[in-house]
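Residue-level listing of the chains:
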Amino acid sequence: MPARILYSYNTMVILGIDTSCDDTSAAVVADGRHALSNVIHSQIQLHHPYGGVVPELASREHLRNMVPVVQEALSQAGLTLGELDGIAVTMGPGLIGSLLVGLYYAKALSYVHQKPLAAINHLEGHILSIFLEEQIPRFPFVALTVSGGHTTLYYVKGFGNYEKLGQTLDDAAGEAFDKVGKTLGLGYPGGPVIEKMASSGEKECIPFPRALLAPESLDFSFSGLKTSVALYVKKWQENGGETSGVRVEDIAASFQEAVIDVLIRKTLAAVERTGAGSVVIAGGVACNKALRERFRETFSERSESFFYPRPAYCTDNGAMIALAGYHRIMGGERADMSVDVRSRYPIEELSPLSNDTV
Ligand code: KG4
Ligand code: ZN
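None of the values given here were measured: they were computed from a predicted structure.

Remarks on the pattern of salt bridges
Then, number 1: Under the counting rule described, the total for this entry stands at 21 salt bridges.
Then, number 2: With a shortest N-O distance of 2.8 Å, Arg-328 and Glu-124 are connected by a salt bridge. Placement of the pair is Arg-328 in helix H11 (residues 318–330) and Glu-124 in helix H4 (residues 122–128), with a sequence separation of 204 residues. Both residues of the pair, Arg-328 and Glu-124, belong to the buried class.
Then, number 3: The partner of Lys-157 in a salt bridge is Glu-163, with the nearest N and O atoms 3.0 Å apart.
Then, number 4: Judged by relative accessible area, which is 33%, Glu-163 ranks as partly exposed.
Then, number 5: Through salt bridges that share partners, Arg-210, Glu-257, Asp-261, Arg-265 and Arg-294 make up one connected network.

If you want it as structure tokens, here you go:
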């Protein structure tokens, strides 16, 4: 039975496509709330031997997987292309070669099937991903997006209405996880494997630095921490590595704790500055269970509510792009055939949308 029949005749179904980095993803979302499918083809195995994403390989792999991933997303949703009400696709920020595959495929689908097209800012997708969950925050809220490319605090006043409060001045939190993973010889991506090792490590073992910058600053800096771990590991290896009494697990746990500490402190400062009643975390690093737990503990003792999307909506996914596309299309926005990809795409350029469209 087509999924559409499960909803009302007014249900609006959007196909969302994201190929911003190394995941080929497509999803169908109904009414900007309910994911009917969310298909993700991960390229982790392909990039693993190189210790990071190789852009040229990523775009070729997107080319191979784009059509089957979209077909699978439609099939799981029980819909055909003709039944869609619109197509949303990430236009940036991201890797140019990767973005091109998704955007041009979406353009072709939109043209051939005469469907409205929304060209989406990937960061807006991450910020709004929480609206795919049952429990949703009220506006305004503070959102911390922590991924491989971004670590940013936003004051989210409504759909499309984002004030940037602070951001990383150098490495993103996920990038620090990936680089420390590489230093420790754990492969790419570092985040999940460091989390696993850290779970049996001693987090107070090594007092790695916490860069808090100026007292009033809501910016982040993780490059000093990354360098400090690299220097520590070099000395640790010279002193016999595991035989010195400190285990890789202890280094992983101490590093992870330093990252979490900084993320918590800055988010608390953002909440205090804005007076927001809710806090949301999003992006790949928000999958980290220790991070989620620390945020949950911290905010359960305070008056703010805390929200996080399930892991499949934290890492790059088409559902968050379809959701953002729903709001943009409902707001009357349409991308035409001249739209192009953008490796950099500041969120400040987006126009605010109505808040009552959910
Ligand atoms: O959001 P995402 O899938 O892609 C970007 O837009 O960057 O985030 C990927 C990043 C990688 O740096 C990865 O190491 C990190 O998220 N990550 C994690 C975890 N799972 C993924 N970091 C810490 N703990 C995790 N469990
Ligand atoms: Zn992302």
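Continuing now.
Remarks on helix H3 (residues 96–113)
Then, number 1: In this model, H3 (18 residues) spans 25 Å end to end at C-alpha, consistent with the 26 Å of a helix rising 1.5 Å per residue.
Then, number 2: The complete set of buried residues in H3 reads Ser-98, Leu-99, Val-101, Gly-102, Leu-103, Ala-106, Lys-107, Leu-109 and Ser-110.
Then, number 3: Where H3 is buried, its residues contact strand E1 (13–18), helix H2 (55–77), strand E4 (86–92) and strand E5 (117–121).
Then, number 4: Backbone geometry just downstream of H3 places Gln-114 in the positive-phi region, at approximately 55 degrees.

What about the site of ligand 1?
Then, number 1: Of all residues adjacent to ligand 1, which total 19 residues, the nearest are Gly-148, Asp-178, Glu-195, Gly-284 and Asn-288.
Then, number 2: Here an oxygen atom of ligand 1 and a side-chain polar atom of Asp-178 are 2.7 Å apart.
Then, number 3: Contacts to ligand 1 include Gly-284, whose backbone N or O atom sits 3.0 Å from an oxygen atom.
Then, number 4: In isolation ligand 1 exposes 540 Å². Once the protein is present, 89% of that is buried.
Then, number 5: Looking at the shell around ligand 1, the elements that each hand over two or more residues are H4, helix H5 (173–183) and helix H6 (190–198).

Details of the coordination of the zinc ion (ligand 2)
Geometry sets the ideal angles at a metal, namely 109.5 degrees for four tetrahedral donors and 90 or 180 degrees for six octahedral donors.
Then, number 1: Surrounding the zinc ion (ligand 2) are the protein donor atoms His-122 (NE2), His-126 (NE2) and Asp-316 (OD), at 2.0 to 2.1 Å.
Then, number 2: For the zinc ion (ligand 2), the four donor atoms are set out with angles of 93 to 142 degrees between them, so the coordination reads as irregular.
Then, number 3: Sequence spacing among the residues donating to the zinc ion (ligand 2) works out to H-x3-H-x189-D. Taken together, the residues span a long stretch of sequence, with His-126 in helix H4 and Asp-316 in the loop between helix H10 (311–314) and H11 at a distance of 190 residues.

Here's the deal with the packing of aromatic side chains
Then, number 1: Overall, the coordinates contain 12 aromatic pairs when judged by the stated rule.
Then, number 2: A connected cluster of aromatic rings, assembled from ring pairs, spans Phe-131, Phe-139, Phe-141 and Phe-159.

Here's the deal with the side chain of Ser-254
Then, number 1: Structurally, the position occupied by Ser-254 is in helix H8 (residues 248–274).
Then, number 2: Those residues in contact with Ser-254 that lie beyond four places of it in its chain are Glu-202, Lys-203, Glu-204, Cys-205, Ile-206 and Phe-208.

Some points on the sheet that holds E5
Then, number 1: Pairing is mixed across the open sheet formed by five strands, whose spatial order is E3-E2-E1-E4-E5. Looking at the sheet topology across the chains shown, the edges are occupied by strand E3 (34–42) and E5. Sheet twist, expressed as the mean angle between neighbouring strand axes with direction ignored, is 20 degrees.
Then, number 2: With six bridges joining them, E1 and strand E2 (residues 23–30) adopt antiparallel strand pairing. Residue pairing in the sheet places Asp-18 in a bridge with Ser-25 of E2.
Then, number 3: Docked against the sheet, H2 engages E1, E2 and E3, running at close to 25 degrees with respect to E2.
Then, number 4: Contacting E1, E4 and E5, H3 runs over the sheet at an angle of about 155 degrees to E4.

Regarding a nonpolar patch on the surface
Then, number 1: A contiguous nonpolar surface patch, about 250 Å² in accessible area, is contributed by Ile-96, Leu-100 and Tyr-104.
Then, number 2: Mapped onto the elements, Ile-96 comes out in helix H3.
Then, number 3: With a relative accessible area of 40%, Ile-96 lands in the partly exposed category.

Comments concerning the packing of helix H7 (residues 223–238) against H8
Then, number 1: Where H7 contacts H8, the axes come no closer than 11 Å and their chain directions differ by 165 degrees. Taken together, the axes of H7 and H8 lie roughly antiparallel to each other. Handedness of the H7/H8 crossing: right-handed. In contact with Leu-225, Val-229, Tyr-232, Val-233 and Trp-236 of H7, H8 contributes Val-248, Ile-251, Phe-255, Ala-258 and Val-259.
Then, number 2: Looking at side-chain class alone, the contact of H7 with H8 contains 10 nonpolar, no polar and no charged residues.

Overview of unusual backbone geometry
Then, number 1: Omega for the peptide link from Gly-92 to Pro-93 comes to -10 degrees, which places this bond in the cis form.
Then, number 2: Omega for the bond connecting Phe-139 with Pro-140 falls within 30 degrees of zero, at -10 degrees, which places this linkage in the cis form.
Then, number 3: Note on placement: Pro-140 falls in the loop between H4 and strand E6 (141–146).
Then, number 4: Positive phi values are uncommon outside glycine, yet Asp-31 reaches one of about 55 degrees.
Then, number 5: Checked against the element boundaries, Asp-31 lands in the loop between E2 and E3.

So, how was this worked out
Residues numbered from 1 in each chain as written. Chains lettered and ligands numbered in written order. Predicted model: local features only at pLDDT ≥ 70, side-chain atom pairs only at ≥ 80, totals over all residues. Heavy atoms only, no water. Salt bridge = Lys/Arg side-chain N within 4 Å of Asp/Glu carboxyl O. Helix = DSSP H or I, 4+ residues; strand = E, 2+ residues; numbered from the N terminus. Buried < 20%, exposed > 50% of the residue type's maximum accessible area, 1.4 Å probe, protein only. Expected span 1.5 Å × (residues − 1). Contact = heavy atoms within 4.5 Å. Near = heavy atom within 4 Å. Polar contact = N/O pair within 3.5 Å; in protein donor to acceptor, adjacent residues only side chain to side chain. Areas by Shrake-Rupley, 256 points an atom, 1.4 Å probe, with all protein chains shown as cover. Donors = N, O, S within 2.8 Å, 3.2 Å for Na, K, Ca; no water. Tetrahedral: all angles 85-135°; square planar, octahedral: opposite > 155°, others 65-115°. Phe/Tyr/Trp six-rings, centres within 6.5 Å; stacked < 30°, edge-to-face > 60°. Pairing = 2+ DSSP bridges. Axes fitted to C-alpha atoms, helices over the stretch in contact; angles between N-to-C directions. Patch = residues over 30% accessible without salt bridge, like charges linked within 9 Å, V, L, I, M, F, W, Y side chains within 5 Å. Parallel < 35°, antiparallel > 145°, perpendicular 65-115°, else oblique. Left-handed = near helix turned anticlockwise from the far one by under 90°. Nonpolar A, V, L, I, M, F, W, Y, C, P; charged D, E, K, R; others polar.

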